[in-house]
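One-letter residues, chain by chain:
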Amino acid sequence: MSTTAPDRQQENPLAEGLALRRTPDPCALVIFGASGDLTHKKLMPALYALAVRRLLPPRFAIVGVARTGGDDGSFREDMANAVKQHARDPFRQDVWDELAAQLHYLATDFADSSGEDKLHGLLGELDEKEELGGKRVFYLAVPPPAFPTIVEALGKRRDERGWTRLVVEKPFGHDLASAKELTATLLEYFKEEEIFRIDHYLGKETVQNMLALRFANGIFEPIWNRQFVDHVQITVAESIGIEARAGYYEQAGAIRDIFQNHLLQLLALTAMEPPIDFTSASVHNEKVKVLRALHTPAPRSVVRGQYGRGFIEGEEVVAYREEAGVAAESMTETFVAAKLYVDNWRWADTPFYVRMGKRLARHETTIAIQFKEAPHPPFEESAAEGVRPNVLVVHVQPDEGVSLAIGAKVPGQGMTIRTVHMDFLYGGTFRTGMPEAYERLILDTMLGDSTLFTRADEVEEQWLLVDSIVAAWQRDKPSFPNYPSGTWGPPSAEELLHRDGRAWRRP
Ligand code: BG6
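Note that the structure is predicted; figures quoted are calculated from it, not measured. (Residues numbered from 1 in each chain as written. Predicted model: local features only at pLDDT ≥ 70, side-chain atom pairs only at ≥ 80, totals over all residues. Heavy atoms only, no water.)

A few points about the pairing of strand E2 (residues 60–66)
Two faces make up the sheet, and in a regular strand the side chains alternate between them.
Moving on, step 1. Across the seven residues that make up E2, a large majority, seven, are buried.
Moving on, step 2. Because side chains alternate across E2, one face comprises the buried residues Phe 60, Ile 62, Gly 64 and Ala 66, and the other comprises Ala 61, Val 63 and Val 65, equally buried.
Moving on, step 3. By the bridge criterion, six bridges tie strand E1 (residues 27–32) to E2 in an arrangement that is parallel. Across the sheet, the residue bridging to Ile 31 is Gly 64, located in E2.
Moving on, step 4. Once the chain exits E1 it traverses helix H2 (residues 37–52) before rejoining the sheet at E2, and the crossover so formed is right-handed. (Buried < 20%, exposed > 50% of the residue type's maximum accessible area, 1.4 Å probe, protein only. Helix = DSSP H or I, 4+ residues; strand = E, 2+ residues; numbered from the N terminus. Pairing = 2+ DSSP bridges. Right-handed = clockwise from strand over helix to strand, strands pointing away.)

What follows is the structure, encoded as structure tokens:
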């Protein structure tokens, strides 16, 4: 039975605007990896945006933990620069001063128990001074090898007075076996409902809008199935290269970096059944059913690529193998395209074509629902040439919005048909800047709402599929590089659709 009890509604991040939400309880947020890129580029700017909007708890402390030496003063200065450089809001000294007073720094590598003791001591002091009641969010923005030591140290010294939440950044494991192992380690000390596995795509407004679009509108759901949908295309295209992340990317490749998490989550949200409510469990249950229904694609239905030299916005860029830290003969893929099937009643025989890659022609993430052709266009042949099947495109980024392609009559004599677009653009409609994904996600961890995070069983299903694809890759070696930077990937990605009489959408 569905429920509209007020407390349920409060937990629901999708039912109400950010401005109307609860303010989190007073708490401490401990960021492990405070000197890293994520903290500078995403976490601190997001905390600043929350401070600007007065969405942080009334009593609050942020503790940055890293191996690099430093103190509160140097940390505050470093973070002020990060905010000036990366925040979406202009820098306001009054907001910053208030937030900076809540920032603390602890230099330790957790290699021995002295690190643990120091953190424990500092949190105890902050608890007392700010009356935080032992409520803590621990954010693991560190490389996975560091997880077990930190998790064990935190788990052994839990403060049972308040609540504890553990936020785990990706990558969550390297394959199914390591992901299971990691889950087992976490579960030794934390309960599943205390673990928040980040997939930052779920924090994006437009990704959540997929749920609003599907389930707040009566007109889409009846046609959201194999009877009316010809196929679905999901594109996660980036024009950037691997930046300074060769060490990580050489191990991950596009399949682990984007396909295993962001891409499969976008697919799950597109294909899932309507949940009975928007509680965390209901949404996760529906998503995991889709992930389970995905069957392993045949090897010829998966294409990999690696970028060579080329041009991005007129600038010449180097090949992947020439990037600093990448092996000269590297076989790591920077592009993947695949044809996937969701084996259930709603989607049987409906292909989901997905592609993702670095150094592609344009930065764009879209989900395109391509509907079947009108059964019988009653027009003359010349007019009918302009009739195209309807496409509903969710523009996740940039140019956030939704667009529906429809056939329309060109004004004038006779009947000539052309495709036109009905567009909804976030910027124009809501006239407000788009919140960054991390703003929503950090707030949700403090509120204890895990709807927009991934549950252990989802992550495992995602790895199961990736492991089977990667296993098939061991058998042959494509010749890399196979696409120039600034293009849409290797020719075999085009062929994947041409074989089926279809083509990738061109933006
Ligand atoms: C990260 C990947 O998870 O997502 C990066 O590790 C990628 O390689 C990034 O660039 C893309 O995120 P966004 O929000 O810029 O689309």
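What to know about the sheet that holds strand E14 (residues 391–397)
Sheets are built from strands that pair by backbone hydrogen bonding, the pairs being arranged parallel or antiparallel.
Moving on, step 1. Here we have eight strands laid out as an open sheet, ordered E8-E11-E12-E7-E13-E14-E15-E16, and mixed in their pairing. Edge strands, defined here as strands with exactly one partner in the open sheet, are strand E8 (302–305) and strand E16 (417–425). Mean inter-strand twist for the sheet, computed between neighbouring axes without regard to direction, equals 15 degrees.
Moving on, step 2. Across six bridges, the pairing between strand E11 (residues 335–340) and strand E12 (residues 352–357) is antiparallel. When the bridges of E12 are listed, Ala 338 appears paired with Val 354.
Moving on, step 3. Of the strands in this sheet, strand E7 (229–237), E11, E12 and strand E13 (364–371) touch helix H9 (residues 246–271), which is tilted by about 145 degrees from E12. (Axes fitted to C-alpha atoms, helices over the stretch in contact; angles between N-to-C directions. Contact = heavy atoms within 4.5 Å.)

What to know about helix H4 (residues 93–100)
Moving on, step 1. Buried residues of H4: Val 95, Trp 96, Leu 99 and Ala 100, and no others. Each buried residue of H4 sits inside an arc of 125 degrees when the element is viewed along its axis, so together they form one side.
Moving on, step 2. The inward-facing, buried residues of H4 contact H2, E2, helix H3 (72–86) and strand E3 (103–107). (Arc of directions from axis to C-beta.)

Quick notes on the nonpolar core
In a soluble, globular protein the nonpolar side chains are often hidden away together inside.
Moving on, step 1. Membership of the largest hydrophobic core comes to 142 residues, with the highest contact counts inside it found for Phe 32, Trp 96, Leu 119, Phe 259 and Leu 267.
Moving on, step 2. The element contributing the most residues to this core is H9, with 13 residues.
Moving on, step 3. Once residues lying within four places of it in the same chain are set aside, the contact partners of Trp 96 are Met 44, Tyr 48, Arg 76, Met 79, Ala 80, Val 83, Phe 91 and Leu 103. (Core = buried A, V, L, I, M, F, W, Y, C linked by side-chain atoms within 4.5 Å.)

Thoughts on unusual backbone geometry
Moving on, step 1. Looking along the chain, the bond that leaves Lys 170 and enters Pro 171 is cis, with omega of 5 degrees.
Moving on, step 2. Position of Pro 171 relative to the elements: it lies in the loop between strand E5 (164–168) and helix H7 (176–189).
Moving on, step 3. With an omega of -10 degrees, the peptide bond running from Phe 480 to Pro 481 counts as cis.
Moving on, step 4. Non-glycine residue Glu 243 carries a positive phi angle of around 50 degrees.
Moving on, step 5. For Glu 243, the position within the fold is in the loop between E7 and H9.
Moving on, step 6. Residue Glu 313 is not a glycine yet carries a positive backbone phi of 45 degrees.
Moving on, step 7. Among the structural elements, Glu 313 can be located in the loop between strand E9 (307–312) and strand E10 (315–317).

Some words on the packing of H9 against helix H10 (residues 280–293)
Moving on, step 1. Running from N to C, H9 and H10 point in directions that differ by 110 degrees, and their axes come no closer than 9 Å. Judged by the angle between their axes, H9 and H10 are roughly perpendicular. When H9 is examined against H10, the residues Leu 264, Gln 265, Leu 267, Ala 268, Leu 269 and Ala 271 are found in contact with a partner set consisting of Lys 287, Val 290 and Leu 291.
Moving on, step 2. Of the residues in the contact of H9 with H10, the class split is seven nonpolar, one polar and one charged. (Parallel < 35°, antiparallel > 145°, perpendicular 65-115°, else oblique. Nonpolar A, V, L, I, M, F, W, Y, C, P; charged D, E, K, R; others polar.)

Observations concerning the site of the ligand
Moving on, step 1. In the vicinity of the ligand, the residues found are Lys 170, His 200, Tyr 201, Lys 204, Glu 238, Ile 240, Arg 245, Asp 257, His 262, Lys 358 and Gln 397.
Moving on, step 2. The side chain of Lys 170 places a nitrogen or oxygen atom 2.7 Å from an oxygen atom of the ligand.
Moving on, step 3. The contact in question runs from an oxygen atom of the ligand to an N or O atom on the side chain of Lys 204, over 2.6 Å.
Moving on, step 4. Tallied by class, residues from the shell around the ligand come to two nonpolar, three polar and six charged. (Near = heavy atom within 4 Å. Polar contact = N/O pair within 3.5 Å; in protein donor to acceptor, adjacent residues only side chain to side chain.)

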